[in-house]
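Observations on the model geometry
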Amino acid sequence: MKRGHIPVRTCLVCMRKRPKEELARLGLDVESGRILEDSRGKMKGRGAYACRECLPGLRLDRRMQRAFRNRAREICVLEVPLLK
Ligand SMILES: [Zn+2]
């Protein structure tokens, strides 16, 4: 791994920029339209990011729809335990 460059992403909820490592990655399950926490970064397609403390504030708003190309139907991240 290269050092020195820290990838930064913007939280979908509060719009703060933070190092990617500090954010939860969200992925879309295309078939069901569910937004899931993609903790391993394995889900295909576009991802979005949110602070862990912002996860309860996720909404199916325009910003979310833009991130997922209007395919988000349901947010299913809250039952995922917040593991550290
Ligand atoms: Zn946030």
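Presented here is an overview of the structure given in this document. A quick note: this is a predicted structure, and the numbers were derived from the prediction, not measured. (Residues numbered from 1 in each chain as written. Predicted model: local features only at pLDDT ≥ 70, side-chain atom pairs only at ≥ 80, totals over all residues. Heavy atoms only, no water.)

**Here's the deal with the pattern of salt bridges**
One pass over the full model with this rule turns up six salt bridges. One salt bridge connects Asp38 with Arg25, and the closest N-O pair in it is separated by 2.4 Å. In this pair, Asp38 sits in the loop between strand 4 (34-37) and strand 5 (47-51) while Arg25 sits in strand 3 (residues 23-29), placing the two residues 13 residues apart along the sequence. When its relative accessible area of 5% is taken as the criterion, Asp38 is described as buried. Given the relative accessible area of 17%, Arg25 is considered buried. For Arg52, the salt bridge is made with Glu37, and the minimal N-O distance between the two is 3.1 Å. Residue Arg52 is found in the loop between strand 5 and helix 1 (62-67), and its partner Glu37 is found in strand 4; the two are separated by 15 residues along the sequence. For Arg52, a relative accessible area of 28% translates into the label partly exposed. In this structure, a network of salt bridges that share partners links the residues Arg16, Arg18, Glu22 and Glu53. (Salt bridge = Lys/Arg side-chain N within 4 Å of Asp/Glu carboxyl O. Helix = DSSP H or I, 4+ residues; strand = E, 2+ residues; numbered from the N terminus. Buried < 20%, exposed > 50% of the residue type's maximum accessible area, 1.4 Å probe, protein only.)

**As for the environment of Val30**
Its location among the elements puts Val30 in the loop between strand 3 and strand 4. Relative accessible area serves as the criterion here: at 51%, Val30 is assigned to the exposed category. In this structure, the C-alpha to C-alpha distance between Val30 and Gly45, residues 15 residues apart in sequence, is 8.9 Å.

**Concerning the coordination of the zinc ion**
Of the protein atoms, only Cys11 (SG), Cys14 (SG), Cys51 (SG) and Cys54 (SG) coordinate the zinc ion, at distances of 2.3 Å. Geometry at the zinc ion is tetrahedral, judged from its four donor atoms and the angles of 102 to 114° they form at the metal. In the primary sequence, the donor residues of the zinc ion line up as C-x2-C-x36-C-x2-C. Here Cys11 is found in the loop between strand 1 (8-10) and strand 2 (17-19), whereas its partner Cys51 is found in strand 5, with 40 residues between them in sequence. On the accessibility criterion, Cys11 (0% relative accessible area) is buried. Using a relative accessible area of 0% as the deciding quantity, one classes Cys51 as buried. (Donors = N, O, S within 2.8 Å, 3.2 Å for Na, K, Ca; no water. Tetrahedral: all angles 85-135°; square planar, octahedral: opposite > 155°, others 65-115°.)

Spatial relationships are all this shows, so hold off on functional conclusions.
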